[in-house]
Amino acid sequence: MKIEKVGVVGCGLMGSGIAEVAAKGGFDVVVREVNEEALEAGRSRIRKSMDRAVDKGKAKAEDRDAAWERIRFTTKVEDLADLDLVVEAIVEELEVKNELFQALDELCGPETVFASNTSSLTITDMAAATSRPERVVGLHFFNPVPVMKLVEVVRTIVTSDAVFDDVFAFARQLGKEPIAAKDNSGFVVNLLLVPYMLDAIRQLERGVATVEDIDTGMVLGCGYPMGPFTLCDFVGIDTLYRISEIMFEEYREERYAPPPLLRRIVAMGRYGRKSGKGFYDWSGEKPVALPV
Ligand code: CAA
Ligand code: NAD
């Protein structure tokens, strides 16, 4: 099968990056959001990121313009019919994802491949909700998508070899380095990364040091590009909380359990950088740690 036309559902932090790299990779892209406001926010995120690449001399203006022309924005689910591959990057809730996949299952032709960018749900639970489980895969990108080279390509026990190979090749065509992962909650990277972030929150709860000092410790002591609290804010506190709940439910291991402080920060609506506040206040020139 030839992948030419790609749909991206959800144009938040991840969907906007996925749409951008797909358009830059030469694919025709249809982006769908729930309403005009969210669509406009996603559209401007993509445009900003593309402009930034031109301003930094990493992309030519004419290539940006050609990629931009390849993206169509819509709020109508019907516009997702007639695509070769649909990648969902919507909220980390199985019921919401399955509602979408069931709508797509009725709408799209039998050849269309469905991919999920989920961080922690199993692909099997989504594949089983469709009439085409052998054509459902995981395609897990990393944040920020235009920068991070890795993509985890995930197969279930029923994924067709041909579909897996096509999606693996698609990831390469986007300039990414794909790795194959089995369908277990957290795949490869989040199995290790999520407990690390949650542990940082637990150490903060125990009062070992401040948010800034723990971040500085991991950046200067271990050469990490950002400290764990900056990373939590970057991923999204609401998303991290959902990931943690899902992984804990799956494994029943304490290392995946959401620390109480994480839930309290979500309850206060501090979703991280995307909402302006998380562990840090992101509204000024430099992030400022908030009381916890
Ligand atoms: N979009 C596009 N490009 C971006 C970008 C964005 N959102 N953010 C940064 N960049 C680019 C910059 O243009 C810059 O490129 P050049 O060096 O070519 O100019 C480069 O990335 C570095 O950016 P900055 O100098 O502004 O900032 P930095 O050096 O602090 O790097 C970073 C930013 C790349 C995000 C780096 O801090 C980093 O790698 N952080 C860790 C990110 C990480 O761990 N991601 C995984 C999150 S977990 C996940 O994704 C899985 C999940 O399921 C939750
Ligand atoms: P986000 O909150 O930034 O964006 C989600 C978007 O989905 C929102 O704009 C919302 O309006 C939209 N949406 C919700 N339901 C929809 C529907 N039915 N149709 C169309 N749009 C819909 O979240 P995000 O960080 O981009 O995460 C999206 C997915 O990617 C999640 O499954 C998450 O676990 C995964 N993921 C996140 C990261 C990360 O670092 N944030 C990294 C890898 C994977």
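Residues numbered from 1 in each chain as written. Chains lettered and ligands numbered in written order. Predicted model: local features only at pLDDT ≥ 70, side-chain atom pairs only at ≥ 80, totals over all residues. Heavy atoms only, no water.

Asks: Whenever I open this one, the overall build of the protein confuses me. Can you help?
Replies: Of regular secondary structure, the protein possesses 11 helices and 10 strands. In terms of overall dimensions, the protein has a C-alpha envelope of 55 × 45 × 35 Å along the principal axes. Among the 292 residues that make up the protein, the fraction classed as buried is 48%. Considering only contacts in the protein between residues 6 or more positions apart, those separated by 24 or more positions represent 65%. Carbon and sulfur atoms provide 52% of the accessible area of the protein, an area that totals close to 14000 Å². Between the centroid of the 36 positive side chains of the protein and the centroid of its 47 negative side chains there is a distance of 5 Å. (Helix = DSSP H or I, 4+ residues; strand = E, 2+ residues; numbered from the N terminus. Buried < 20%, exposed > 50% of the residue type's maximum accessible area, 1.4 Å probe, protein only. Contact = heavy atoms within 4.5 Å. Areas by Shrake-Rupley, 256 points an atom, 1.4 Å probe, with all protein chains shown as cover. Lys, Arg positive; Asp, Glu negative; His and termini not counted. Charge placed at Lys NZ, Arg CZ, Asp CG, Glu CD.)

Asks: Is there a simple way to think about the domain arrangement of the protein in this case?
Replies: It is common to give the size of an interface as the accessible area lost on bringing the parts into contact. Segmentation of the protein into domains returns domain 1 (5-182) and domain 2 (191-283). Computed over C-alpha atoms, the centres of domain 1 and domain 2 are 26 Å apart. Regarding the contact of domain 1 and domain 2, the summed buried area is about 760 Å², with carbon and sulfur atoms giving 67% of it. Three residues, L13, E92 and S120, lead the burial of domain 1 against domain 2; their summed loss comes to 49% of the area buried on that side. (Domains from an automatic or database assignment. Buried area = accessible area lost by both parts, 1.4 Å probe.)

Asks: Is there a simple way to think about the site of ligand 1 in this case?
Replies: Around ligand 1, the surrounding shell holds 19 residues, and the nearest of these are K58, S119, H140, N143 and N190. R52 places a side-chain nitrogen or oxygen 3.2 Å from a nitrogen atom of ligand 1. Between an oxygen atom of ligand 1 and a side-chain N or O atom of K58, the distance comes to 2.9 Å. With the chains in place, 66% of the 1000 Å² that ligand 1 exposes on its own is no longer accessible. Mapped onto the shell around ligand 1, the elements with two or more residues apiece are helix 2 (36-55), helix 7 (189-206) and helix 9 (228-235). (Near = heavy atom within 4 Å. Polar contact = N/O pair within 3.5 Å; in protein donor to acceptor, adjacent residues only side chain to side chain.)

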